[in-house]
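Understanding the architecture of this molecule
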Amino acid sequence: MHTTLHHNQQEINNQLKIFIDEIKKRERSDSHLITILHKAQELNGYLSKEIMDLVAEEMQIPTSVIWGVATFYHYFKLSPIGKYNISVCMGTACYVKGASEVLETIKETLEIEIGETTEDMMFSLQEARCIGACGLAPVAMINDKIYGELNPKKIVDIINKLKEEALEEEKIVQ
Ligand code: FES
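Residues numbered from 1 in each chain as written. Predicted model: local features only at pLDDT ≥ 70, side-chain atom pairs only at ≥ 80, totals over all residues.

**Examining the overall build of the chain**
- When its secondary structure is counted, the chain shows seven helices and four strands.
- Along the chain, from the amino end to the carboxyl end, the secondary structure elements read α-α-α-α-β-α-α-β-β-β-α.
- Sorting the 174 residues of the chain into buried and exposed places 20% on the buried side.
- By sequence separation, contacts in the chain at least 24 residues apart represent 59% of the contacts at least 6 residues apart. (Helix = DSSP H or I, 4+ residues; strand = E, 2+ residues; numbered from the N terminus. Buried ≥ 20, exposed ≤ 12 C-beta atoms within 10 Å, placed from the backbone. Contact = placed C-beta atoms within 7 Å.)

**Section: the nonpolar core**
- Judged by nonpolar contacts, the single largest core of 17 residues is most densely connected at Ile86, Val88, Val102, Ile106 and Ala140.
- Going through the elements one at a time, β1 (84-89), α6 (99-110) and β2 (123-128) are the ones with two or more residues in this core.
- Ranked by the residues each element gives to this core, the list is headed by α6, at five residues.
- Setting aside chain neighbours within four positions, we find Val102 in contact with Val88, Pro138, Ala140, Leu150, Asn151, Pro152 and Ile155. (Core = buried A, V, L, I, M, F, W, Y, C linked by C-beta atoms within 7 Å.)

**Brief notes about the pairing of β1**
- One ladder, built from six bridges, connects β1 with β2; its direction is parallel. Of the residues in β2, the one forming a bridge with Ser87 is Gln126. (Pairing = 2+ DSSP bridges.)

**Comments concerning unusual backbone geometry**
- The peptide bond linking Ala137 to Pro138 adopts the cis configuration, its omega dihedral lying at -5°.
- With respect to the helices and strands, the residue Pro138 is situated in the loop between β2 and β3 (140-142).
- Here the phi dihedral of Gln60 falls at roughly 55°; this positive angle occurs in a residue that is not glycine.
- With respect to the element layout, Gln60 can be found in the loop between α3 (49-59) and α4 (63-72).
- Its identity is not glycine, yet Glu111 carries a phi of approximately 55°, on the positive side.
- Among the structural elements, Glu111 can be located in the loop between α6 and β2.

**A short note on the packing of α3 against α4**
- Between α3 and α4, whose axes approach to 9 Å, the crossing angle comes to 125°. It follows that α3 is oblique to α4 by the angle criterion. Judged by the twist between their axes, the crossing of α3 over α4 is right-handed. Here Met52, Asp53, Val55 and Ala56 of α3 lie close against α4, whose contacting residues are Thr63, Ile66, Trp67 and Ala70.
- Considered class by class, the residues forming the contact of α3 with α4 number six nonpolar, one polar and one charged. (Axes fitted to C-alpha atoms, helices over the stretch in contact; angles between N-to-C directions. Parallel < 35°, antiparallel > 145°, perpendicular 65-115°, else oblique. Left-handed = near helix turned anticlockwise from the far one by under 90°. Nonpolar A, V, L, I, M, F, W, Y, C, P; charged D, E, K, R; others polar.)

**What about α6?**
- For α6, built from 12 residues, the straight-helix expectation of 16 Å at 1.5 Å per residue is met to within 8% by its first-to-last C-alpha distance of 17 Å.
- For α6, the set of buried residues is Ala99, Val102, Leu103, Thr105, Ile106 and Leu110. Down the axis of α6, the buried set is contained in an arc of 160°. They therefore lie on one face. Of the exposed residues in α6, the ones pointing more than 90 degrees away from its buried face are Ser100, Glu104 and Glu108. (Expected span 1.5 Å × (residues − 1). Arc of directions from axis to C-beta.)

And the structure:
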């Protein structure tokens, strides 16, 4: 298991280095930091300290500068994201239709707060602004799928179903 992880990380680092080398060939390459961090997050899932150090070294920019950019934009994740990333919409339409109840139910069920990930790396929880599906309020996005007309029971059912699916997948992989 550890070998695989190590191999993957090595692979991610290599791909990121190749990407950065390409960027460095362009003019004003230092203005492409955000593009590089996007790529890093796409490859690694989040911006780990190791990844930021690697970008710093390759771009010859202090890690503190990279850290500043990464923390400024909410888009960048500084901790690992679970297999299922749940974003509960807290926009007005969803809020008035009971989004906080849905959010509280998720927190209780998964025993995590906003911005956290469950220990088994299965679920992460975020808050979102209007995601443009107000007609289905209250809504949540799980990875790139929208779930609408939620209520506490429905979200617990969805979570349980995703858990089952993940367990099934693991069985197939083994
Ligand atoms: S307010 Fe939630 S989708 Fe618009």
